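# An overview of the molecular structure
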Amino acid sequence: MYDAGKVILGIVVALVLVTFPMWYNLAGEATVTVPDLEKARDSIPSTLCVADTVWMRGHHMDLLNDWRDQVVRGGDRFFRPPGDRLREKSLSNTCLDCHVNKDKFCDRCHTFMGVDPYCWDCHVVPKEIM
Amino acid sequence: MGIDRRKFLKVSGLTVLGLTGGSVSKVFSSEDSTDVIQPVRPAGPLTAQRWAMVIDLRKCQEQHECDDCVTACHTAHNVPDWGNPKDEVKWIWKESFEHAFHEQEHHYQQEKLKHATALVMCNHCDNPPCVRVCPTKATWKREADGIVMMDWHRCIGCRYCVLACPYGSRSFNWRDPRPKIKKIRPDFPTRTRGVVEKCTFCEERLARGLMPACVEACKHGALYFGDLEDAHSNVRALLAERYTIRRKPGLGTNPEVYYIV
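Residues numbered from 1 in each chain as written. Chains lettered and ligands numbered in written order. Predicted model: local features only at pLDDT ≥ 70, side-chain atom pairs only at ≥ 80, totals over all residues.

## Some remarks on the overall build of chain A
If you tally the helices and strands in chain A, you get six helices and two strands. Sequence-ordered secondary structure for chain A, helices as α and strands as β, is α-α-α-β-β-α-α-α. Here the C-alpha atoms of chain A give a radius of gyration of 23 Å, more than 25% beyond the 14 Å that 2.2 N^0.38 yields for 130 residues. Along the longest, intermediate and shortest principal axes, the C-alpha atoms of chain A span 75 × 35 × 30 Å. Split into buried and exposed, the 130 residues of chain A put 12% on the buried side. (Helix = DSSP H or I, 4+ residues; strand = E, 2+ residues; numbered from the N terminus. Rg over C-alpha atoms; globule rule 2.2 N^0.38 Å. Buried ≥ 20, exposed ≤ 12 C-beta atoms within 10 Å, placed from the backbone.)

## Focus on the domain arrangement of chain A
What the domain assignment reports for chain A is domain 1 (1–31) and domain 2 (46–129). The distance between the C-alpha centroids of domain 1 of chain A and domain 2 of chain A comes to 45 Å. (Domains from an automatic or database assignment.)

## Considering helix H4 (residues 91–98) of chain A
Residue and element names in this part refer to chain A. Burial analysis of H4 places six of its eight residues in the buried class, the great majority of the element. Within H4, burial applies to Leu-91, Ser-92, Asn-93, Cys-95, Leu-96 and Asp-97. Where H4 is buried, its residues contact helix H3 (53–73), strand E2 (87–88), helix H5 (102–113) and helix H6 (126–129). (Contact = placed C-beta atoms within 7 Å.)

## A few points about the nonpolar core
All names here are of chain B. Core analysis: the biggest nonpolar cluster contains 59 residues, and Ile-55, Ile-92, Ala-118 and Leu-223 have the highest contact counts within it. A total of five residues in this core trace back to one element, the largest contributor, which is strand E1 (residues 51–56). Leu-223 has contacts with Met-53, Ile-55, Cys-69, Cys-214, Val-215 and Cys-218, leaving out every residue within four places of it along the chain. (Core = buried A, V, L, I, M, F, W, Y, C linked by C-beta atoms within 7 Å.)

## Quick look at the confidence of the model for chain B
Overall, the prediction assigns chain B a mean pLDDT of 89, with 90% of residues at 70 or greater. Note that residues 26–39 of chain B has pLDDT below 50 and, in this model, 15 contacts with residues that lie over four places away or in other chains. (pLDDT = per-residue confidence, 0-100.)

## Regarding the interface of chain A and chain B
Taken together, the 18 residues of chain A in the interface contact 21 residues of chain B. Those elements giving two or more residues to the side of chain A that touches chain B turn out to be H3, H4 and H6 of chain A. Here the side of chain A that touches chain B is composed, by residue class, of seven nonpolar, four polar and seven charged. (Nonpolar A, V, L, I, M, F, W, Y, C, P; charged D, E, K, R; others polar.)

## Side note on the environment of Asp-68 of chain B
Residues and elements named next belong to chain B. By the element assignment, Asp-68 lies in helix H3 (residues 68–76). Take Asp-68: there are 15 C-beta atoms within 10 Å of it, and that puts it in the partly exposed class. Separated by 61 residues in sequence, Asp-68 and Lys-7 place their C-alpha atoms 50 Å apart. With near-sequence residues (within four places) excluded, Asp-68 lies in contact with Ala-217, Cys-218 and Lys-219.

Structure representation (structure tokens):
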């Protein structure tokens, strides 16, 4: 092989560069700050969300998509969570009724995760227009 | 003699109260959310096999200046007011008689009809051409009650439906409507740029047991809303009793908004 030294050196340098983010994280230099999300409105007990908190954290987008289809396409607008009163399947009227501050709840986590949902292009944030 | 009619009614009434009273009071006591403008299903949804509307244009003519229904609808549904016909978005509006009913119009028409205006909106056709052309099924006729619905999530803004509708009932949002909405209501979404919108017979109000906003707003009783399949409904009674016309019946769309002229 011609120029074996240079080729091997090049491969090693490339490998180090490609895997740099992993080394950097392993070295413990980068710390992740999980955003501090605001709790739901005080008057509402934390257990009263439409579903379990941990489940909601990972699946609220699926829930909202299901609600959207059930309400708009099925005309099925209301539901009763276990041990709770009748609720409306509505982002603006139900979710944001407890999670009053969209910027300190929805936006904070969405920014952290690098996602940009377009729900609010149409759905109103009640607090912003009051 | 065992139990008389009066006593039976008393006892059964109390029993029903006792059985349902507890749950009813529980529902109302936990109703602490005052932010929601529309009550959560106060009396169950209004349902029908085929919703239809009858508009008494004679009553409308007596109140020439009145546009309560238009205001009520456009306020309830966050419809923007652009103030120019190019960008205009409308769900219900007034049209001159000759434009609304150009098939029925002629040169020697009654004077009162010549200058009449007709209240027009989506006709919720039985055979809706807008539904046929929609490539994404963003608009469809509901099986349950015949309402021609819209799913604004799914609308891609191709405007086939705008062209297909022979009544001009559909409006396109050429620009972001939010800055032009006088007062945004929190309980109804706005639309976004690139989406078509139209009257939905207030299906969101029907689900809460409320009549459509225009019908509720009309002080003069010119708008009737009811079930066409129910032989004893108000609309069927009117249709049986009065001479009524529809817009462009020759097209075969079978519109479900009827006019008394």
